[in-house]
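Secondary and tertiary structure notes
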Amino acid sequence: MKTVKVPVTRYPAERFTLDNGLRVVLSPDRSAPVVGVAVVYDVGIRSEPEGRTGFAHLFEHLMFQGSANLEKLAHFRHVQGSGGSFNGSTHLDYTDYFEIMPSNALERALFLEADRMRGPALTEENLRNQVDVVKEEIRVNVLNRPYGGFPWLKLPPVMFETFPNAHDGYGSFVDLESATVDDAAEFFHRYYACGNAVLTVSGDFDVAACTALVERHFGSVEARPAPERPDFDEPDLTAERRAAYTDALAPLPMIAAGWRVPDPVADLAAYLPYVVLAEVLTDGDASRLVRRLVQDDRSATQVGAYLGFMGDPFDARNPTALLMQAGLPPGGSTDAVLTAADEELDRVATGGVPADELARVSARMCTHLLRDTDSVLQRSLRMAVLEQQRGAPELLNALPGLVSEVTAEQVSAAAATLRPQRRAVVEAMPGGAR
Amino acid sequence: MTVTELPALGRPTKLKIPATAERRLRSGLTVIAVRRPAVPLVEIRLRIPFARAPLARASVLASALFTGTSQRSAVELAAALQAVGGGFGADHDPDWLTVSGNCLASGLDTTLELLHEVLADAAYPAHEVTTERERLADHIEIAETQPGHLARAALLRRRFGGHPYAVEVPGAAQVRAVGAGHLRGLHALRVTPRGAYLVVVGDIRPEQALDRVEAALGRWRGEAAGKAIPAIPGPPEAPLLLVDRPGAVQSSLRLALPAVGRSHPEHAAMQLANLVFGGYFSSRWVENIREDKGYTYSPFASVEHGAAGSMIVLSAEVATEVTAPAMLETMYELGRAASLPAEPHELEQARNYVLGALRIQMSTQAGLAGLVTAYAGLGLRIDHVATYSEALASATREQVAEAAARYLAPSRAVGIVLGEVARIEPGLAALLPVERAA
């Protein structure tokens, strides 16, 4: 079988820190007249206080509602009216804000991010409006559809004990409605310190000119240090945990299983074999579990294995998991799927992974890694998180090589740890209703 | 010192049309190669005319296309592709069968050879076809519980009546009746190069890429079936259709409005009019019903182009209790767009947005491949970006107002609301003629 050499990217990563503690990464790429700007704050769902589930996400919405020199709606209008697009997203361990712009709007994007880093307009009116919008978001994504929040909201409470890891990150309506402007001000003061943030710019700019612009706009942001980040670790499971619930809108069963994996930041070398294992198991028609469950047994109609509850292997901190999710046919059996998956994991653990199989899996992973960061915006976001969590944005260039260096023995050893007694399982049972 | 004023924009960036080459092969396949070497990958898109292909069979064919050839099993095929970092998928719409894939640039020849093998020699093994058919049927049953799917299906039926665009997704029972023999027959008849086009975008030299495609796919032969879909009918005059979804916590609003295709002289003005109304976040409709009223999370008005015609589609999921007020604001904003010209600053904002969005789309291989493919399906080439950009830049306020009056008039809207009918009917009936779905 033909195999190919792993290609290398050489995206630059110029790093510096402003006097106020803001960390900056610049990655020039003059190949297209666009820039990607990302600001990542080191606070996410795991840091929200008890009684305030969903607050990190609600706060993300409030960051778009105006700031000292920007009235409500101005942020959107300035970004889009300059030819750009914007968004933000809340993750377990961080919250990101970003724009992709034609490169002639770079300074505008920096101004917009700096203005809200100094403080968003936290008013009662904005808060109530955005609580309403967030409730509609939850209805669209969770309540009004089958398999809403599956498994990212459904598996953590089975797998974890402590509030930060186990709670519903979208939030309960009661908690959202209880949120106050004072809560928001306190949250901002504590977590949205510039010492707790990373700014990344990638794309069509000159490094010296961009450095001057970053100084000009962010240099005067008040210096506040990063809060101490708690250790959210929990003991591993020693006995299998299972939960099931009825999804009134679902016509067919769906299951997810999760196993704890090594700390992705503290021990990347131990973690990467799990990332490769997930692809050996479910990437494409030649993968182990697709062949076994979907094609041979027909015990599942779809199966996917991935790292991290939100599906990104390289943005999660400890504790995190390898997840396996399967959609079952009518009358499908959870036990049949789990037993077959156990057998396939055993085969990887004891029978190994042939060299050609490992080579093809890592070749395809390379394509995915390169493709995912072809966009200047995705590159900015990835580099910002790598800087924030590891102080190593240049790891972006190294990942394809690191993935291809994972050995068959390491993948087998990873598979050997995914035992039934270490897993948490959640089942969405069909309620049958339309 | 803190900057308190919005910085001015720099000089507008120049639009660069990437290096392109094109060749029509003797088989009738048109090949378009575009250079964007930012990462060592290649994006591949193949579109084959599939107008009037039987819907259920065409849908299963797309799912089962890569399940094996006379030379290779599904697993062997997937493994050979994966070995060069490659992967393919296929899907089907009323106009086209589309195959999409990508690979490491160094694996392009192998990937093209495997694509040829599938096109010329797909086997549709009975076991694999059954597996794919049952999977597809299960997925359709899941989709049929999703409001987004149900609302779109109801809108298309309402808008298109007996036209082929009225149904995009077959029923699960129809899918379960498809056999391997049906697929082999459909493949022989319709999976042919005549009228098809292949787009390759990425780390390639365009002329050389044409040679490589010809070497791999030149032997793929077959005649066209020559089917065409008639132009879409004008919007029917019909009351707002209420579709019941008991227990729904939101209502799904869908309205269809007339539109013109990408080559039409009014296209740019219509795009701008739609943007000002509801086509992006900073539009009147979104600012009104989301940012002011909090009725909804993600309202959006988009222009959809098919080979047989175009339409504007408005979508919003709103809380059940504000369904009528949300419809009121929607009709108000449509009426305002159709009756009064946009403010100059609104127009400039929309113009900048769409010009920037084109540059952003062209900045990735996948985005560029999507644009080249969409254009090619309508007989246009990537240099149309320059023509379109000029039309956007020069559209006057009067032209945009005329387009808004023509394409956004609420009197020409055809719509449905999916939700808990008993709760939403009284409010909606006070605003508009309504009719319950049977």
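What counts as what
- Residues numbered from 1 in each chain as written.
- Chains lettered and ligands numbered in written order.
- Predicted model: local features only at pLDDT ≥ 70, side-chain atom pairs only at ≥ 80, totals over all residues.
- Heavy atoms only, no water.
- Buried < 20%, exposed > 50% of the residue type's maximum accessible area, 1.4 Å probe, protein only.
- Helix = DSSP H or I, 4+ residues; strand = E, 2+ residues; numbered from the N terminus.
- Pairing = 2+ DSSP bridges.
- Axes fitted to C-alpha atoms, helices over the stretch in contact; angles between N-to-C directions.
- Left-handed = near helix turned anticlockwise from the far one by under 90°.
- Contact = heavy atoms within 4.5 Å.
- Salt bridge = Lys/Arg side-chain N within 4 Å of Asp/Glu carboxyl O.
- Polar contact = N/O pair within 3.5 Å; in protein donor to acceptor, adjacent residues only side chain to side chain.
- Nonpolar A, V, L, I, M, F, W, Y, C, P; charged D, E, K, R; others polar.
- Domains from an automatic or database assignment.
- Buried area = accessible area lost by both parts, 1.4 Å probe.
- 1 Å grid on protein atoms, 1.4 Å probe; cavity = no way out; pocket = protein on both sides within 12 Å on 5 of 7 lines; lining within 4 Å.
- Points joined across faces, edges and corners; volume = space filled by probe spheres on them.
- Core = buried A, V, L, I, M, F, W, Y, C linked by side-chain atoms within 4.5 Å.
- UniProt positions renumbered as here; feature names shortened; annotations may be inferred.

As annotated in an unreviewed UniProt entry, chain B is Peptidase M16 from Pilimelia terevasa.

Labelled according to an unreviewed UniProt entry, chain A appears under the name Peptidase M16, originating from Pilimelia terevasa.

Turning next to the pairing of strand β10 (residues 321-327) of chain A. Residues and elements named next belong to chain A. The element β10 is extensively covered by neighbouring structure, given that six of its seven residues are classed as buried. For strand β8 (residues 254-260) and β10, the ladder comprises seven bridges, and the chain directions are antiparallel. Each bridged residue has a counterpart across the sheet, and for W259 the counterpart in β10 is L322. Across six bridges, the pairing between strand β9 (residues 302-307) and β10 is antiparallel. Each residue of the ladder has a partner; that of G304, found in β10, is Q325.

The next subject is the packing of helix α3 (residues 108-121) of chain B against helix α8 (residues 206-217) of chain B. Residue and element names in this part refer to chain B. Running from N to C, α3 and α8 cross one another at 35 degrees; their axes reach a closest spacing of 8 Å. Crossing hand, α3 versus α8: right-handed. Contacts between α3 and α8 involve L108, D109, L112, E113, L115, H116 and L119 from the former and R212, V213, A216 and L217 from the latter.

What follows deals with unusual backbone geometry. Residues and elements named next belong to chain A. Across the junction of F150 and P151, the peptide omega takes the value -5 degrees, indicating a cis bond. Residue position: P151 is located in the loop between α4 (124-143) and α5 (156-159). That bond from N318 to P319 is cis: its omega, -5 degrees, falls within 30 degrees of zero. The topology assignment puts P319 in the loop between β9 and β10. One non-glycine residue, L73, lies in positive phi territory at about 80 degrees. Mapped onto the fold, L73 is located in the loop between α1 (55-62) and α2 (74-81). With a relative accessible area of 13%, L73 lands in the buried category. The phi dihedral of R298 is positive, around 55 degrees, even though this residue is not glycine. Position of R298 among the secondary structure elements: in the loop between α11 (288-296) and β9.

With that settled, the discussion passes to the interface of chain A and chain B. In this complex, chain A contributes 78 residues to the contact, which on the side of chain B involves 81 residues. Between chain A and chain B we count three salt bridges in total. A salt bridge links K72(A) to E291(B); its shortest N-O distance comes to 3.7 Å. If you look at where chain A meets chain B, you find 34 residue pairs in polar contact (both at pLDDT 80 or more). Residue assignment for the side of chain A that touches chain B shows that the elements contributing at least two residues are α2, β4 (85-90), β5 (95-102), α3 (106-118), α4, α9 (207-218), α11 and α13 (355-372) of chain A. Examining the composition of the side of chain A that touches chain B, we find that nine residues originate from one element, α4(A), more than from any other. Each residue belonging to the side of chain A that touches chain B can be placed in one class, and the counts come to 32 nonpolar, 25 polar and 21 charged.

We now examine the domain arrangement of chain B. All names here are of chain B. Taken domain by domain, chain B consists of domain 1 (20-217) and domain 2 (240-436). Summarising the inter-unit geometry, the C-alpha centres of domain 1 and domain 2 are found 29 Å apart. Taken together, the contact between domain 1 and domain 2 spans 35 residues of the former and 33 residues of the latter. It is R36, L155 and R158 in domain 1 that bury the most area against domain 2; as a group they hold 24% of the surface buried on that side. In this assembly, domain 1 and domain 2 are joined by three salt bridges. R381 serves as the salt-bridge partner of E22, at 2.6 Å between the closest nitrogen and oxygen.

To continue, consider empty space enclosed by the protein. Residue and element names in this part refer to chain A. Scanning the entire structure with this criterion turns up seven cavities of 30 Å³ or more. Empty space within the largest cavity amounts to approximately 90 Å³. Taken together, 14 residues make up the lining of the largest cavity; nearest its centre are L92, F309, M310, D315 and A316. The class makeup of the residues in the lining of the largest cavity is six nonpolar, four polar and four charged. Formed jointly, the lining of the largest cavity draws a minimum of three residues from each of two domains, domain 1 (14-218) and domain 2 (241-430).

Here we take up the nonpolar core. Counting residues in hydrophobic clusters, the biggest one holds 70 residues, and the most contacted among them are I312(B), L314(B), M327(B) and L408(B). Dropping the residues within four chain positions of it, I312(B) is found in contact with L255(B), A256(B), L257(B), P258(B), A259(B), M270(B), N274(B), S302(B), V303(B), Y407(B) and L408(B). V25(A), W259(A), A326(A) and L418(A) belong to the second-largest nonpolar core, a separate cluster that totals 60 residues.

This paragraph deals with the UniProt feature "domain: Peptidase M16 C-terminal" (unreviewed entry) in chain A. Within this numbering scheme, the UniProt entry marks residues 179-362 of chain A as carrying the feature "domain: Peptidase M16 C-terminal" (unreviewed entry). Along residues 179-362 of chain A the backbone is 40% helical and 18% strand, and the end-to-end C-alpha distance reaches 46 Å.

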